[in-house]
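Single-letter residue listing:
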Amino acid sequence: MKTVLLLVHDDAGQEARLQAALDLTRALNGHLRCVDVTPVPTFVGDIDGAAQAMIQAEERRVEAANRIAVETRLAHEQAPWDWVDATGDVAQCLMREAGLADLIVVNCKRDRLLDVEPRGVVNAIATQACCPVVAVPDNVRGIDLTGPVVVAWDGSPSVMATLRAGAPLLKLAASVELFTVGDQEGAPAEAAATYLSRHDIHAAIRRIPADGDKPDAQILEACAAAGAGYCLMGAYGQGRLREELFGGVTRRMLDAAQLPLLLGH
């Protein structure tokens, strides 16, 4: 796990993304790949070509100034990095660079119907990328990789894939807790603990009964009680469409989390 892919864009979540990506890159002795995306605006109504061109030119001007600011910042950080300029749909631009990445850093902001917020790409990235995604709340600064970690274990294929890919990060943690809520239908937590032990990661298992139909609240309480630096979990284990329509753990975790989430599918 060496290459950290970072969405660069001048928005409210950029500082959260940048600090988390730098923490990850330094801890992994890795390389930071910055993907600076200038979105193509979606125009609704009667906007002529000249006005569209002016709006797009302003977007490019803002991103050019942002690049200077971020590159100046990176020049003083102890992490190797490179830069990719891209124009278009934010999620598509990131996915074009994701094939040889080990982690992708975005915000917890979900995309919603008719919402063109550039930060709102975590749904698309988490369900398409073949590597884990670190989703960071806007108000969080950095990610504590050496503190406790809570794994929201439900035995699903998505959490198993995330656990396997995230093992290099879990090795850095002071402690790892496999936290389960209610009855498990998939792989038992004991199997996950055995797998981690082969990587010299000795995880504790904690089970609690389900409290209604919202285990996400119990997961977040467990994270707060443990002082977790981040929470590892599978993403959209029931399918993204079903979770979006009927609610689900991934959706509610992204909306409510106050700590970074390590997601995989």
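Please refer to the structure placed before this passage.
Quick caveat, the model's predicted, so the values are computed rather than measured.

A. Looking closely at the sheet that holds strand S4 (residues 103-107). What the ten strands build is an open sheet, ordered S3-S2-S1-S4-S5-S10-S9-S6-S7-S8; its pairing is mixed. Every interior strand has two partners, whereas the edge strands, strand S3 (81-87) and strand S8 (204-208), have only one. Here the strands of the sheet are splayed against their neighbours by 25 degrees on average, with no regard to which way each runs. Judged from the seven bridges that link them, strand S2 (residues 31-38) and S3 form a sheet pairing that is parallel. Within S3, the position partnered with Cys 34 by the bridge is Trp 83. Relative to the sheet, helix H9 (residues 249-256) contacts strand S5 (133-136), strand S9 (230-234) and strand S10 (261-264), its axis offset from that of S9 by approximately 160 degrees.

B. Region of the structure containing helix H3 (residues 90-97). For H3, the full list of buried residues reads Val 90, Ala 91, Cys 93 and Leu 94. Down the axis of H3, the buried side of the element spans an arc of 165 degrees, and every buried residue falls inside it. Facing away from the buried side of H3 by more than 90 degrees, the exposed set consists of Gln 92 and Arg 96. Of the surrounding secondary structure, the elements contacted by the buried residues of H3 are strand S1 (3-8), S2, S3, S4 and helix H4 (122-128). By the N-cap criterion, in which a side-chain oxygen at the helix start approaches the backbone nitrogen of a residue two or three places on, H3 is capped by Asp 89, the distance to Ala 91 being 3.2 Å.

C. Here's a closer look at the pairing of S9. For S9, the tally of buried residues reaches five of five residues, placing the bulk of the element in the interior. Burial along S9 is two-sided: the residues Tyr 230, Leu 232 and Gly 234 and Cys 231 and Met 233 are all buried. Sheet analysis places S9 next to S10, joined by four bridges and oriented parallel. Within S10, the residue paired with Cys 231 across the bridge is Leu 261.

D. Up close: the nonpolar core. Grouped together as the largest cluster of nonpolar side chains are 43 residues, with contacts concentrated most on Leu 24, Val 105, Trp 153 and Leu 170. Counting residues per element, this core draws most heavily on helix H1 (residues 14-27), which supplies six residues. With residues up to four places along the chain from it excluded, the contact list for Leu 24 reads Val 4, Leu 103, Val 105, Val 134, Ile 143, Leu 145 and Leu 169. Counting 42 residues, the second largest nonpolar core, distinct from the first, contains Ile 104, Val 121, Ala 222 and Leu 261.

Criteria and cut-off values
What you see as residue numbers is a count from 1 along each chain, following the sequence as written. It should be noted that, the model being predicted, local features are given only for residues of pLDDT at least 70 and side-chain atom pairs only at 80 or more, the latter also being counted only at that level, while totals for whole chains, interfaces and linings use all residues. Side-chain measures were taken over the full set of non-hydrogen atoms in the model, leaving aside hydrogen atoms and water. If DSSP finds at least two bridges between two strands, the strands pair. Going along the chain from the N terminus, every DSSP run of H or I of four or more residues is numbered as a helix, and every run of E of two or more is numbered as a strand. In this analysis, axes come from line fits to C-alpha atoms, helices being fitted only over the stretch in contact, and the angle between any two N-to-C directions falls in the range 0 to 180 degrees. Pairs of residues are marked as contacts when any of their non-hydrogen atoms sit within 4.5 Å. Exposure is judged per residue with a 1.4 Å probe applied to protein chains only, and the accessible area is read against the type maximum: over 50% gives exposed, under 20% gives buried, and values in between give partly exposed. Starting at the helix axis, one direction is taken to each C-beta atom, and the arc is that of these directions. Between N or O atoms, a polar contact is any pair within 3.5 Å; within protein, one atom must be a potential hydrogen donor and the other a potential acceptor, and residues adjacent in sequence are included only when both atoms are from side chains. Working definition of a nonpolar core: buried Ala, Val, Leu, Ile, Met, Phe, Trp, Tyr and Cys residues. They are joined through side-chain atoms within 4.5 Å.

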